[in-house]
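Fold and contact review
Below are the chains, spelled out letter by letter.
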Amino acid sequence: MFSNAPTDAKAPNFHPVSERPDLFGELEMKDLEWTCAGGFVTETQIFYHFLEDETMIMCQVIHSSIGLWYPTIQFTCKIYNPKTKETIWRSINASNFTTPPPGLDKRSCKADQFSITCKSCADPSYPEMYTIRAHLSDDLQVSLDVLRPALVRGFKVGSGPNGGFSYFGPSKDKPEGYVVHRFWPRTAASGHLIHKGRAVEAKGVGMMVHAIQGMRPNLVASRWNFANFQSNAHGGVSAIQMEFTTLETHGRHGPGSGGVTVNVGSLVLGGKLATITAETKWPDEQQSEEVEVISRAFHLNPVHDPETGYKQPSALVFQWTGRSLLENGPGKVSATLKVDVGDPTTPKGLIEKVDVLAEIPYVIKTVVNYVAGTKPYIYQVGPQWQNHAKLVVRGPDIFIPGLSDGLELEGILFNEASFIS
């Protein structure tokens, strides 16, 4: 994984996936398999869903390898009700993790406390599904079936085995590290939660992402942005973005040329995958509005948050522009979403500020503190918000009647602004 070959000090040592010309890469079975790689690798699978009463439920499995230590497996679950403001949070260290479970492939995994099974469905409208069964504590159990609609294909940016990968280091063939994301951008969930002995029906819509950081997290990025907008209007609408910014150590002119922002996203309109977006923001260039593909996230009016020491945005804007993926509906698809999240003293839609360093396993925490030599908020991920939002979208009418004139679509947005260093 590491290359010792001499290189030009000004040669590129970061190769972003957002520079690929082939944006849509259809997921293959292998793309969703657990790799469980050694070294310093964090692999995760996250399911986000909004239920019919707007409760948000997030289920996540994290497989963390740290050098020669035995991997640590965590299952985390967050349930947030925006009406009551109640947050239920569980994070457990799982035991006896295995993939594949007997009789299944490596898209599935199990441990003593949970199982996640990926399988085909008999219903052609929903060809693939995950089943999630988790016993997180004596007072919280989760049982969910997560289905992918046939017209919303899973994707990565770029086709083939290297699709989805951003590479760190001079050589893409022998990288120092990598980041990869694979998405189901629109899913349907059904099942139930049992909390304190009371069963609650869980039915809603959301998304899934399978991601790997093949490098120490504090060396990958200085910040992340994530947006997950879902609406049931017009047969199903989704707008997602995942964005990270490299440290100064990695850029297109070697060490010191970093601060490169990589953004990937997608739009689902009328229950169909409409477009994939990916864009690179180089620190020495202004981004043009006159480009074919736009994939951007903006923090507006940042305000110092005394609790974390970071500048928290007062509003966020997300933009998408790309080519239609439908052969019988060619043209440009574009969307903009703006959300007001208030300031640290009067937040709007704030779920919580999550100090990830307080949640990750002790062994990882010790390594991160030692290697990074940083303040406790090194992995302050937050804040997290959930708000009603309007997606302003335009595109071919084949997706939604009247779309060519522009539409405002109401839905729910969950987003995170992550500050790493």
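Scoring rules and cut-offs
Residues numbered from 1 in each chain as written. Predicted model: local features only at pLDDT ≥ 70, side-chain atom pairs only at ≥ 80, totals over all residues. Heavy atoms only, no water. Helix = DSSP H or I, 4+ residues; strand = E, 2+ residues; numbered from the N terminus. Rg over C-alpha atoms; globule rule 2.2 N^0.38 Å. Buried < 20%, exposed > 50% of the residue type's maximum accessible area, 1.4 Å probe, protein only. Areas by Shrake-Rupley, 256 points an atom, 1.4 Å probe, with all protein chains shown as cover. Lys, Arg positive; Asp, Glu negative; His and termini not counted. Charge placed at Lys NZ, Arg CZ, Asp CG, Glu CD. Contact = heavy atoms within 4.5 Å. Phe/Tyr/Trp six-rings, centres within 6.5 Å; stacked < 30°, edge-to-face > 60°. 1 Å grid on protein atoms, 1.4 Å probe; cavity = no way out; pocket = protein on both sides within 12 Å on 5 of 7 lines; lining within 4 Å. Points joined across faces, edges and corners; volume = space filled by probe spheres on them. Nonpolar A, V, L, I, M, F, W, Y, C, P; charged D, E, K, R; others polar. pLDDT = per-residue confidence, 0-100. Salt bridge = Lys/Arg side-chain N within 4 Å of Asp/Glu carboxyl O. Pairing = 2+ DSSP bridges. Polar contact = N/O pair within 3.5 Å; in protein donor to acceptor, adjacent residues only side chain to side chain.

Below, the discussion takes up the overall build of the protein chain. Along the protein chain, the regular secondary structure elements total three helices and 26 strands. Against the compact-globule benchmark of 22 Å for 421 residues, the protein chain has a radius of gyration of 21 Å, which places it among compact chains. The buried share among the 421 residues of the protein chain stands at 57%. When the accessible area of the protein chain is evaluated, it comes to approximately 17800 Å², of which 53% is carbon and sulfur surface. Counting 38 positive and 43 negative side-chain charges, the protein chain places the centres of these two groups 1 Å from one another.

Tracing the sequence through the fold places Val17 in the loop between strand S1 (14-15) and strand S2 (24-26). The class of Val17 is buried, set by a relative accessible area of 5%. Distance in space between the C-alpha atoms of Val17 and Gly402 is 33 Å, their sequence separation being 385 residues. Val17 has contacts with Val157, Gly164, Phe165, Ser166, Val262 and Val264, leaving out every residue within four places of it along the chain.

The tally for this structure, following the rule as stated, stands at 15 aromatic pairs. The interplanar angle of 35° and the centroid separation of 5.6 Å between the aromatic rings of Tyr48 and Phe414 together place this pair among those described as tilted. Of this pair, Tyr48 sits in strand S3 (residues 39-51) while Phe414 is found in strand S26 (residues 407-419), placing the two residues 366 residues apart along the sequence. Each member of the pair Tyr48 and Phe414 is classed as buried. When the centroid spacing of 5.4 Å and the interplanar angle of 55° are considered together, the rings of Phe165 and Tyr178 count as tilted. With a gap of 13 residues between them, Phe165 in strand S12 (residues 165-168) and Tyr178 in strand S13 (residues 177-195) connect regions that are remote in the sequence. Like Tyr178, Phe165 is buried. Members of the aromatic cluster, each reached through a chain of ring pairs, are Phe14, Phe168, Trp224 and Phe244.

Scanning all chains against the criterion turns up three cavities of 30 Å³ or more. Its boundaries defined by the atoms lining it, the second largest cavity holds a volume of some 90 Å³. Around the second largest cavity, the lining residues are Val17, Val157, Gly164, Ser166, Val179, His181, Phe183, Met242, Phe244, Val262 and Val264. Elements that contribute at least two residues to the lining of the second largest cavity include exactly S13, strand S16 (237-245) and strand S17 (261-269). If one sorts the elements of the lining of the second largest cavity by residue count, S13 sits on top with three residues. Across the lining of the second largest cavity, the residue classes break down as eight nonpolar, three polar and no charged.

To continue, consider the confidence of the model for the protein chain. Averaged over every residue, the pLDDT of the protein chain is 90; the share at 70 or more is 91%. Throughout residues 1-6 the model reports pLDDT below 50, and contacts reaching past four residues in sequence, or to other chains, amount to nine contacts. Counted against residues more than four places away or in other chains, residues 361-382, with its pLDDT under 50, gives 62 contacts.

In the structure shown here, the tally under the stated rule is 18 salt bridges. For Glu292, the salt bridge is made with Arg323, and the minimal N-O distance between the two is 2.5 Å. Residue Glu292 is located in the loop between strand S18 (272-281) and strand S19 (294-300), and its partner Arg323 is located in strand S22 (residues 315-323); the two are separated by 31 residues in the primary sequence. Assessed through its relative accessible area of 36%, Arg323 is described here as partly exposed. Salt-bridge contacts for Lys390 lead to Glu410; the nearest nitrogen and oxygen are separated by 3.9 Å. On the criterion of sequence distance, the pair formed by Lys390 in strand S25 (residues 380-394) and Glu410 in strand S26 is long-range, its members being 20 residues apart.

Looking now at the pairing of strand S6 (residues 87-93). The side chains of a regular strand alternate between the sheet's two faces. Of the two faces of S6, only one is covered, namely that formed by Ile88, Arg90 and Ile92; the face formed by Thr87, Trp89, Ser91 and Asn93 stays uncovered. Both strand S5 (residues 72-80) and S6 contribute to a ladder of seven bridges, which runs antiparallel. Bridging across to S6, Ile79 finds its partner in Ile88. Taking the residues between adjacent antiparallel strands as the criterion, S5 and S6 are bridged by six residues, where Lys85 takes a positive phi near 70°.

On to the pairing of S3, then. Within S3, 11 of the 13 residues are buried, which leaves it mostly tucked inside the rest of the structure. In this sheet, strand S4 (residues 56-67) lies alongside S3 in antiparallel orientation, the contact comprising 12 bridges. Its bridge partner lying in S4, Glu43 is registered against His63. Counting the residues between successive antiparallel strands, the hairpin from S3 to S4 contains four residues, one of them, Glu54, with a positive phi of roughly 80°. The pairing of S3 with strand S14 (residues 198-213) spans 10 bridges and is antiparallel. Bridged to Phe50 within S14 is Val205.

Residues Thr99 and Pro100 are joined by a peptide bond in cis, for which omega reads 0°. Checked against the element boundaries, Pro100 lands in the loop between S6 and strand S7 (109-110).

Right, let's get into the environment of Asp397. Structurally, Asp397 can be placed in the loop between S25 and S26. In this structure Asp397 comes out as partly exposed when scored by relative accessible area, which is 40%. Remark: the alpha-carbon pair of Asp397 and Gly329, spanning 68 residues in sequence, is separated by 7.8 Å. In contact with Asp397, other than residues within four places in its own chain, are Gly402, Leu403 and Ser404. Separated by 2.9 Å, the side chain of Asp397 and the backbone nitrogen of Leu403 make a polar contact.

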